[in-house]
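As a plain string of letters, each chain reads:
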Amino acid sequence: MKWIAVNTYEEISEVAANIFSKQIQEKPNSVLGLATGGSPVGMYKELVARHQAGRLSFKDVQTFNLDEYVGLEQASPASYWTFMHENLFNFVDILTENIHLPNGKSEDLAAECVAYDGRIEEAGGIDLQLLGIGVNGHIGFNEPGTPFDATTNIVELTESTRTENAVYFDNLSEVPTHAITMGIQSIMKAKEIVLIAFGEKKLDAIEKLKSGHVTEDFPASQLLNHPNVTIIYGGTN
Ligand code: PGA
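Quick summary incoming for the structure in this document. What you are looking at is a predicted structure, and each value in this text was computed from that prediction instead of being measured. Think of each chain on its own: its residues are numbered from 1, step by step along the sequence as written. Where totals are concerned, whole chains, interfaces and linings use all residues; where local detail is concerned, this predicted model gives features only for residues with pLDDT of at least 70, and gives and counts side-chain atom pairs only at 80 or more. Side-chain measures were taken over the full set of non-hydrogen atoms in the model, leaving aside hydrogen atoms and water.

Moving on: helix α3 (residues 80–87). Most of α3 is tucked away: 6 of the 8 residues are buried. Only protein chains enter the calculation, and the probe is 1.4 Å; a residue is then buried if its accessible area is under 20% of its type maximum, exposed if over 50%, and partly exposed in between. A run of H or I in DSSP counts as a helix once it spans at least four residues, and a run of E counts as a strand once it spans at least two, with each numbered from the N terminus. The complete set of buried residues in α3 reads Tyr80, Thr82, Phe83, Met84, His85 and Asn87.

Pasting the structure below:
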């Protein structure tokens with residue numbers, strides 16, 4: 001595991017954007033695993049700027065997002081589909097058919113989970129996966145206690161996660177109760193993983209990861225068993 005300590009959110013965004021740019025430049029048809037949340041917004045902004053400056057093309061890139069809410073319309077303002085379009089896809093030359101998010105409106109969610117892992121396999125697997133980390137060590141929507149061998153699955157959101165995410169909705173009651181998330185095993189199949197964690201509130205989680213103890217009570221700890229992970233962390237907020 002490679003650790004990169006930085007001082008600011010801008011530095012996290014730039015270092016992460018450098019890794020993603022290099023990946024795309026070296027392999028223009030890369031398969032990227034992407035994440036939502038506050039952490040990656042700066043990195044996406046940086047990638048958009050590099051695209052607009054003519055330095056980066058997504059025309060052969062495929063993307064797979066970690067997760068999506070169950071039951072929201074794709075175009076709902078709070079969906080992860082909308083988040084990704086407003087932060088990245090609308091501003092780069094990625095092809096619509098190369099964008100993949102789990103379908104949280106599927107009538108057969110169990111089949112959608114299996115199909116999503118299948119679509120990743122078919123694309124050749126994820127070359128580079130971006131992750132954030134929850135204060136409780138969650139990655140994607142995999143909360144503490146999730147088995148490490150879980151593939152893409154439906155999860156019931158904890159009250160704390162729903163409360164944390166309520167800022168993206170008009171009120172708490174509108175936050176979906178379930179989500180579809182890539183499982184920890186699905187995430188571990190990525191050839192390379194970059195995890196970004198900004199600010200003091202993530203420091204405990206980073207320290208726990210550094211302690212080297214692997215346990216299902218702290219989902220991110222399974223990354224210690226992956227051969228190619230970079231953790232970019234630091235900053236105060
Ligand atoms: P954040 O969320 O990027 O909004 O901090 C990360 C996470 O909880 O996985």
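Following the structure, the description resumes.
For the rest of this paragraph, the subject is the sheet that holds strand β7 (residues 153–156). Two pairing modes exist for strands in a sheet, parallel and antiparallel, and in both the strands are linked by backbone hydrogen bonds. By this definition, two strands are paired if DSSP reports at least two bridges between them. The strand order across the open sheet built from 3 strands is β4-β8-β7, with neighbouring strands paired in antiparallel fashion. Both outer strands of the open sheet, β4 (67–69) and β7, are each paired with one neighbouring strand and no more. Pairwise comparison of adjacent strand axes, ignoring direction, gives a mean angle of 25 degrees for this sheet. Relative to strand β8 (residues 178–181), β4 runs antiparallel, the two being bridged by 3 bridges. Looking at β8, one finds that Glu68 is bridged to Ile180. Fitted lines through C-alpha atoms give the axes, limited to the stretch in contact for helices. The angle between two N-to-C directions lies from 0 to 180 degrees.

What follows covers the environment of Ile196. Tracing the chain through its elements places Ile196 in strand β9 (residues 192–198). Of the residues examined, Ile196 reaches a relative accessible area of 2% and is grouped as buried. Along the backbone, Ile196 and Val92 are 104 residues apart, and their C-alpha atoms lie at a distance of 22 Å. Setting aside its immediate chain neighbours within four residues, Ile196 contacts Ile12, Ala16, Ser39, Pro40, Leu130, Leu131, Gly132, Ile133 and Ile232. Should any heavy atoms of two residues lie within 4.5 Å, those residues are considered in contact.

Our next topic: the site of the ligand. Summary of the distance rule: residues count as near a molecule or strand when at least one heavy atom falls within 4 Å of that molecule or strand. The ligand sits among Gly37, Gly38, Ser39, Gly132, Ile133, Gly134, His138 and Lys202. Gly38 is positioned such that a nitrogen or oxygen atom in its backbone is 2.9 Å from an oxygen atom of the ligand. Contact distances for the ligand include 2.5 Å between an oxygen atom and a side-chain N or O atom of Lys202. Accessible surface is estimated by sampling points in the Shrake-Rupley manner with a 1.4 Å probe; for residues, cover comes only from the protein chains shown. Burial of the ligand by the protein amounts to 76% of the accessible area it has alone, namely 280 Å². Split into classes, the residues belonging to the shell around the ligand amount to 1 nonpolar, 6 polar and 1 charged. Distance and chemistry together define a polar contact, namely a pair of N or O atoms within 3.5 Å, with one atom able to donate a hydrogen and the other to accept it when in protein, and with adjacent residues in sequence counting only for side-chain atoms on both sides. Residues were grouped as follows: Ala, Val, Leu, Ile, Met, Phe, Trp, Tyr, Cys and Pro as nonpolar; Asp, Glu, Lys and Arg as charged; and all remaining residues, including Gly, as polar.

Put simply, two rings from Phe, Tyr or Trp (the six-membered ring, in Trp's case) pair if the centres are within 6.5 Å, and we call them stacked under 30 degrees between planes, edge-to-face over 60, tilted for the rest. Tallied over the full model, the rule gives 7 aromatic pairs. Centre to centre, the rings of Tyr9 and Phe198 are 5.3 Å apart; their planes meet at 70 degrees, and the pair counts as edge-to-face. Here Tyr9 is found in helix α1 (residues 9–26), whereas its partner Phe198 is found in strand β9, with 189 residues between them in sequence. Note on Tyr69 and Tyr80: the rings are 4.8 Å apart at their centroids and 40 degrees apart in plane angle, and the pair reads as tilted. Placement of the pair is Tyr69 in strand β4 and Tyr80 in helix α3, with a sequence separation of 11 residues. Ring pairing ties together the aromatic residues Tyr69, Tyr80, Phe141 and Phe169, which thus form one cluster. Each ring is checked for a lysine NZ or an arginine CZ that lies within 6 Å of its centre and within 35 degrees of its normal; such an atom marks a charge sitting over the ring. We note Lys210 situated over the ring of Trp3; from NZ or CZ to the ring centre the distance is 5.3 Å.

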